[in-house]
Amino acid sequence: MNSILITAAISIILGLVFTPVLIPFLRRLKFGQSIREEGPSWHRVKSGTPTMGGIAIIAAAILAPLAVMLIKGTLRYDLLLLLLTALLYGFVGFVDDFIKVVKKRNLGLSARSKFLSQLLVAICSTLSLNYLGYLNGELLIPFMSAPVDIGLWIVPLTVLVQLSVVNSVNLTDGLDGLAASVTLIVSLFFTICALAFSQMSAGMCMAAVGGACLAFLVFNAHPAKVFMGDTGSLFLGGAVAVCASVLQMPLILIIAGGIYLIETLSVILQVASFKLTGKRIFKMSPLHHHFEMCGYSEVKIVLLFSLTTLILCIIGYVCIMKLF
């Protein structure tokens, strides 16, 4: 418990220190966000806002648990693997952002290169976790009093979960403070679950991520002074996905991280509907843009999605109460 609280505190402090130092540095490098033409027209005023602020999130979330391990004099190999997985996803996002801001290619990495990079990280991470015994084939099913053993099927499931969540968080990062707010709540949920199951490494990882998100929100809340970019969103998605898998909770993640799922489904349904019927279901996708087009302010949408996430996390907790 103390290690988790200390990790969260250090992560918050580091985030509050790193981010304001990083922002002017990004400005000097002219690492400004390019706004897509197909997005809401009023988002164009955000063009030039420093991006790649996810570097500060990564630094805080990685250094905090490492500092605690150093203070405690313990080395947690499972925690190192969790952090490494998230870091590798963050690196893929960094490369994508770098191409966007330096080479002025708004789409960054090609879809194929981005997917293959993520797939490689997911496979290596999952096989390593399985080989070292941190994935044991057990899966928590909502409202069941004991986990279900699905054997080696846990491997493809974990790969699928990582790929899905990483890209879902990336889609959610479309408004000031949205991805950071939602992920803060989801991280807190998994920190509590990790404590309940005595999974200290996953708890420390999620506490560090939550602390980094909280600190980043000081600068990323509307009007945002900095964006996390794919550097931050892919890192956050990777951290949440791999910790949920280690906690045997990918199905619970579907509930607690319901906003991620809804955002992704809105894009899939929009594309499918347009291709099949020539008509759009939403005014714009992902879903947060639909609410914008309906007249809701960014602040209201972030608040709505955050409250929804809080409710979904409570439902997720109720789903696993029989296991306590």
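Residues numbered from 1 in each chain as written. Predicted model: local features only at pLDDT ≥ 70, side-chain atom pairs only at ≥ 80, totals over all residues. Heavy atoms only, no water.

What to know about the packing of helix α3 (residues 77-102) against helix α8 (residues 229-246)
To keep things clear, this is the line we draw: In this analysis, axes come from line fits to C-alpha atoms, helices being fitted only over the stretch in contact, and the angle between any two N-to-C directions falls in the range 0 to 180 degrees. Working definition: helices are DSSP H or I runs of at least four residues, strands are E runs of at least two. Numbering for both runs from the N terminus. Should an angle fall under 35 degrees it is called roughly parallel, over 145 degrees roughly antiparallel, and 65 to 115 degrees roughly perpendicular, with every other angle called oblique. Left-handed is the label given to a crossing in which the near helix is rotated counterclockwise from the far helix by less than a right angle, and right-handed is the label when the rotation is clockwise. In this description, contact between two residues means that some pair of their heavy atoms is separated by no more than 4.5 Å.
The N-to-C vectors of α3 and α8 enclose an angle of 160°; their axes lie 7 Å apart at closest approach. By the angle between their directions, the pair α3 and α8 is classed as roughly antiparallel. For the pair α3 and α8, the crossing hand works out as right-handed. Residues L82, T85, A86, L87, Y89, G90, V92, G93, F94, D96, D97 and K100 of α3 form the contact with α8, whose participating residues are G229, D230, T231, L234, F235, G238, A239, V242, C243 and V246.

So, the packing of aromatic side chains
We count it as follows: Aromatic contacts are taken between Phe, Tyr and Trp rings whose centres are within 6.5 Å, Trp giving its six-membered ring; a plane angle under 30 degrees counts as stacked, one over 60 as edge-to-face, and the others as tilted. Think of it in three bands: with a 1.4 Å probe and only protein chains considered, a residue is buried below 20% of the maximum accessible area for its type, exposed above 50%, and partly exposed in between.
Counted according to the given criterion, the structure contains four aromatic pairs. Ring geometry for F291 against Y296: centres 5.5 Å apart, planes inclined by 75°, an arrangement best described as edge-to-face. A relative accessible area of 42% places Y296 in the partly exposed class. An aromatic cluster is present here, built from F291, Y296 and F305 joined pairwise through their rings.

Considerations on the environment of R280
With respect to the secondary-structure elements, R280 resides in the loop between α10 (258-277) and α11 (287-293). You can call R280 exposed: its relative accessible area is 55%. When the C-alpha atoms of R280 and D149 are compared, they prove to be 41 Å apart, with 131 residues separating the residues in sequence. When neighbours within four sequence positions are excluded, R280 is seen to be in contact with Q270, S273 and F274.

Overview of the environment of Q199
With respect to the helices and strands, the residue Q199 is situated in the loop between α6 (178-196) and α7 (200-220). Residues within four places of Q199 in sequence aside, it is in contact with A194, V246 and L247.

As for a nonpolar patch on the surface
Quick note on the threshold: A patch consists of residues whose relative accessible area exceeds 30% and which take part in no salt bridge; residues with like charges are grouped when within 9 Å of each other, and nonpolar side chains (Val, Leu, Ile, Met, Phe, Trp, Tyr) when within 5 Å. All accessibility values rest on the Shrake-Rupley procedure with a 1.4 Å probe; residue burial counts only the protein chains present in the view. Only one rule defines a salt bridge in this text: a Lys or Arg side-chain nitrogen within 4 Å of an Asp or Glu carboxyl oxygen.
Nonpolar side chains collect at one region of the surface, where F143, L188, I192, L303, L307, L310, I314, Y317, V318 and M321 lie side by side and expose about 930 Å² of accessible area between them. Those elements that provide at least two residues to the nonpolar patch are α6 and α12 (298-319). Counting residues per element, the nonpolar patch draws most heavily on α12, which supplies six residues. Structurally, V318 is set in helix α12.

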